[in-house]
Amino acid sequence: MADEHHDAETGTGRKPGLTLLRDEGEAAEEGIAVLIRNGRSGVAGERLRPDDEAARVEALRHYRVLDTAPEGAFDDLVALAAHVCRTPIALLSLLDEERQWVKAGFGWDGREVPRAESFCDHAIRGPDLFFVPDARTDARFRALGAVTGPPQARFYAAVPLLTEGGHAVGTLCVLDVAPRLLEDRQAEALRMLARQAMSLLEMRRQAITLADAVTDRVEVEENARWQAQHDPLTGLPNRALFQHRLEEALLARRTDRQQPAAKPRGGGATAAAAAAAKAADDMAVLFVDLDRFKRINDTLGHASGDLLLREVAARFSGCLRPEDTLARMGGDEFTVLLPHIPGVGYATSVAQMLLRALRRPIQVASQEFHVGASIGISLAPRDGDDVQTLLKHADIAMYKAKAKGGYQLYSRRMNEGSYQRLLEEAELRRALERDELSLHFQPQVDLETGEIRVVEALARWRHPERGPIPPAHFIPLAEQADLIVPLGEWVLRSACAEAARWRAEVHPALRVAVNLSGRHILQPRLVESVEAILAETGLPADALDIELTETSLSTGGEPTPQTLQALRAMGIRLSVDDFGTGYSSLAYLRRFPVDILKIDRTFVAHLDRDVTDGKLVRACIEMAHALGVLVVAEGVETEAQARCLKDLGCDLVQGYLYSRPVSSEVLRTLLLARRIRGTLRGMVPRLAG
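Definitions and limits used
- Residues numbered from 1 in each chain as written.
- Predicted model: local features only at pLDDT ≥ 70, side-chain atom pairs only at ≥ 80, totals over all residues.
- Heavy atoms only, no water.
- Helix = DSSP H or I, 4+ residues; strand = E, 2+ residues; numbered from the N terminus.
- Contact = heavy atoms within 4.5 Å.
- Areas by Shrake-Rupley, 256 points an atom, 1.4 Å probe, with all protein chains shown as cover.
- Axes fitted to C-alpha atoms, helices over the stretch in contact; angles between N-to-C directions.
- Left-handed = near helix turned anticlockwise from the far one by under 90°.
- Nonpolar A, V, L, I, M, F, W, Y, C, P; charged D, E, K, R; others polar.
- 1 Å grid on protein atoms, 1.4 Å probe; cavity = no way out; pocket = protein on both sides within 12 Å on 5 of 7 lines; lining within 4 Å.
- Points joined across faces, edges and corners; volume = space filled by probe spheres on them.
- Buried < 20%, exposed > 50% of the residue type's maximum accessible area, 1.4 Å probe, protein only.
- Arc of directions from axis to C-beta.
- Phe/Tyr/Trp six-rings, centres within 6.5 Å; stacked < 30°, edge-to-face > 60°.
- Pairing = 2+ DSSP bridges.
- Polar contact = N/O pair within 3.5 Å; in protein donor to acceptor, adjacent residues only side chain to side chain.

**Q** Before we move on, could you go through the overall build of the protein and cite the residues and values that matter?
**A** Scanning the protein for helices and strands turns up 24 helices and 26 strands. Put simply, of all contacts in the protein between residues at least 6 apart along the chain, 66% involve residues at least 24 apart. Split by element, the accessible area of the protein, about 33,500 Å² in all, is 52% carbon and sulfur.

**Q** Lay out the packing of helix α15 (residues 484-505) against helix α17 (residues 526-537) with the relevant residues and their values.
**A** Contact geometry of α15 with α17 gives a least axis separation of 9 Å together with a crossing angle of 35°. For the element pair α15 and α17, the recorded crossing hand is right-handed. Every residue of α17 that contacts α15 at Glu489, Leu492, Arg493, Cys496, Ala497 and Ala500 is listed here: Ser529, Val530, Ile533, Leu534, Glu536 and Thr537. For the contact of α15 with α17, a count of residues per class yields seven nonpolar, two polar and three charged.

**Q** Describe empty space enclosed by the protein, with residues and values.
**A** Over the atoms, a rolled probe matching the size of one water molecule traces out where space is still vacant. Here the structure, examined in full by the defined rule, presents two cavities of 30 Å³ or more. As a volume, the largest cavity reaches approximately 100 Å³. Taken together, 13 residues line the largest cavity, and the ones lying closest to its centre are Leu91, Gln100, Phe119, Ala146 and Leu175.

**Q** Give me the lowdown on unusual backbone geometry, citing residues and values where you can.
**A** The peptide bond linking Pro150 to Pro151 adopts the cis configuration, its omega dihedral lying at 10°. With respect to the helices and strands, Pro151 occurs in the loop between α5 (145-148) and β9 (155-162). Unlike most non-glycine residues, Arg64 shows phi in positive territory, near 50°. Note that Arg64 resides in the loop between α2 (50-62) and α3 (72-85). Owing to a relative accessible area of 46%, Arg64 belongs among the partly exposed residues under this scheme. We note that His340 has phi near 50°; this positive angle belongs to a residue other than glycine.

**Q** Describe helix α14 (residues 471-480), listing the residues and the values that go with them.
**A** Every buried residue belonging to α14 is among Phe474, Leu477 and Ala478, and all of these are buried. Buried residues of α14, seen end-on, are gathered within an arc of 100° and therefore sit on one face of the element. At the C-terminal side of α14, Asp482 shows a positive phi close to 60°.

**Q** So what's going on with the environment of Leu544? Which residues, and what values?
**A** Locating Leu544 in the fold gives a position in strand β22 (residues 544-549). Residue class for Leu544 comes out buried when judged on its relative accessible area of 0%. Look past the residues within four positions of Leu544 in its chain and what remains in contact with it is Leu492, Cys496, Arg511, Val512, Val514, Val530, Leu534, Leu539, Ile572 and Arg573.

**Q** Before we move on, could you go through the packing of aromatic side chains and cite the residues and values that matter?
**A** Tallied over the entire structure, the rule returns eight aromatic pairs. Here Phe130 and Phe141 contribute two aromatic rings whose centre-to-centre distance is 6.3 Å and whose plane-to-plane angle is 75°, an arrangement assigned as edge-to-face. A residue pair is termed long-range when its members are at least 10 positions apart, and Phe130 in strand β8 (residues 130-132) and Phe141 in the loop between β8 and α5 qualify at 11 residues. We classify Phe130 as buried; its relative accessible area is 0%. When its relative accessible area of 0% is taken as the criterion, Phe141 is described as buried. Ring centres of Phe131 and Phe155 lie 6.0 Å apart, and the angle between their planes is 45°; this geometry places the pair in the tilted category. Here Phe131, found in strand β8, pairs with Phe155, found in strand β9; they are 24 residues apart in sequence, far enough to count as distant. Its relative accessible area of 0% is what places Phe155 among the buried residues.

**Q** How would you sum up the environment of Ala401? Please name residues and give values.
**A** Tracing the chain through its elements places Ala401 in helix α12 (residues 387-404). In sequence terms Ala401 and Val288 are 113 residues apart; their C-alpha atoms lie 9.7 Å from each other. Setting aside anything within four residues of it in sequence, one finds Ala401 in contact with Ser374, Ile375, Gly406, Tyr407 and Gln408.

**Q** For the sheet that holds strand β10 (residues 168-176), give the residues involved together with the corresponding values.
**A** Consider a sheet: its strands pair through backbone hydrogen bonds, and that pairing is either parallel or antiparallel. Ordered in space as β7-β6-β5-β10-β9-β8, the six strands form an open sheet in which the pairing is antiparallel. The outermost strands of the open sheet, each flanked by one partner alone, are β7 (112-114) and β8. When the angles between neighbouring strand axes are averaged without regard to direction, this sheet yields 25°. Both strand β5 (residues 89-95) and strand β6 (residues 99-106) contribute to a ladder of six bridges, which runs antiparallel. Its bridge partner being in β6, Leu95 is matched across the sheet by Gln100. Lying over the sheet, α3 contacts β5, β6 and β10, oriented at roughly 75° with respect to β6.

**Q** Any details on the sheet that holds strand β17 (residues 407-409)? Residues and values, ideally.
**A** Pairing is mixed in the open sheet, where five strands are placed in the order β12-β13-β11-β16-β17. Of all strands in the sheet, those with a lone pairing partner are β12 (325-330) and β17, marking the two edges. For this sheet, the mean inter-axis angle between neighbouring strands, taken without regard to orientation, is 20°. Two strands pair when backbone bridges link them, and strand β11 (residues 282-291) and strand β16 (residues 372-380) are joined in this way by nine bridges, in the antiparallel orientation. Looking at the pairing, Ala284 lines up with Leu379 of β16. On top of the sheet, helix α10 (residues 302-317) reaches β11, β12 and β13 (333-341); it is set at about 150° to β11, its chief contact. On the sheet, α12 packs against β11, β12, β13, β16 and β17 and is oriented at approximately 145° with respect to β16.

**Q** Now, about the environment of Ser494: what can you tell me, with residues and values included?
**A** With respect to the helices and strands, Ser494 occurs in helix α15. Put simply, Ser494 and Ala457 are 37 residues apart on the chain and 9.0 Å apart in space, counted from C-alpha to C-alpha. At 2.9 Å, the side chain of Ser494 forms a polar contact with the backbone oxygen of Trp490.

**Q** Any chance you could break down the pairing of β12 for me, citing the residues and the numbers?
**A** Where burial is concerned, most of β12 is hidden: five out of the six residues are buried. In the sheet, β12 pairs with β13 via five bridges, with the strands oriented antiparallel. Each residue of the ladder has a partner; that of Arg328, found in β13, is Phe334. Hairpin connection of β12 to β13: two residues between the antiparallel strands, including Gly331 at a positive phi of 60°.

Next up, the structure:
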């Protein structure tokens, strides 16, 4: 026939403009759809291999489009497909393991269909155009819900949505309620729109990937910003963020005060109302320093100290309003910003709450610890109207609180003393760095022979402008400024070097005694440090006595006995200074390896006049000798005291009766004599002083 064309490959004819070819035989009766791809025909329905199906589903999920909200671009595309193909229904569908999900639909409101009941499950397996001319005459489709129920589909045509990897992730399809054919131009338009749909999906995927990248970068930047402004241990604002918030609060306060106040109805503000408004404009800065934290941190280690700091931060946070700021400034220091407070009473109430929050013991490493705090308070505008001034004044008040306990409000009278303290801390640090300190030595004399057995090394500081600074002043200063350990190491190294030289030149049997603070004895690498100093200076370990105060022993942590035992195993003798002034004198003699007891000068001062002191000293000496411990009496200043001590059996004495602390040059002269002689049973008045 003139109006028909012959397909050389299939041997079938078709009318001009029609893509679908019908077989006049069995295929037409069964309604099998014949697929045409570039002039080639085939039959749909082959199952995908499991590995192909897994790859196909993975490719689909790569687009992250399933179960997303409708999008205008896809809605417009399916509307265009329906218009071009002149069908009442068009769908953009995606197929996962279990269902056909409709991303965009025109003429039908359905969102998903079980995969086993879908046209789409067949369409993704074939070439690029799948036809069902009449679903009611096709055994595969006549029972589908879309055929027997809404939308009563008879005709179906679909183009697979193919990824660049060749995976069919879904279809762009058109449906009609009547059997029909599809013209060539309509089929080509459907293919073009399917490619456009894939382009939209790919652009959407790229946009999501870019958005994710931007989001990740924003999150990284936000995380970096958060870390730069917060303490990593507690999560609290750090010093920088606290100062920023304080600056913002001060700026807001200044701005508010520049705004004209609104007049109340019925006349001007009362004096009480004006005072209340002014008070509510105040703010406070609290500077909090934990007490006894360093001891716990040094005793149990940094991990336990970190747990304690987190618990303190949590307790403090529970005492504050949402608009307040709690920050960790570093170490065991916290600050609190209280904006818009009704007056000084509110600030002191918060300070009291913070102190009460620490009354309950804190559980760390299966042990309970009590931690206190010292709090300084400054108020704006009374004590300053800028960040640095308020922080400085709160810090000054905090140091005052450390001396008195609890909390202290800043007052101008504190300023002079605080500046002096800060100046002295800086000067002491410089003196250590520039080797401006010196050592003096005080002999310990054998009461029986008068021979100098030991010399005690004592640090001295001569200020270039103010002259000698008493040890009673700069030793506590070193403790407060965290310089006590460097100071102790300097004394130990210098004393060992001097003693090694004296032993080589004038007194081979001389020993040197060095005081170490409680904080120093808790240093984790103390033993290694002492070994290194002895090796460096050439002093034998059995020529060194380390003196510890009774207080430092009685408050030391569990590592202390092991540390002392290690020092003693090296040959170092351990001496307890100021014996009798602590609270657990007998208890620690059992716990710690002690070689020498030094009876405190307070018991020696009235020894020859006070019967009780005499009995106490006798008891100490007898107890020490029973334990195999030597006894040294400090602060011996009179011959009567020396006579009593000798009668009581004291081994060594030390005090102004024999020698004041002297420089190394003067001590060398004494050592050359080897023994301090006199007319009173081997005892003489002081030779130096």
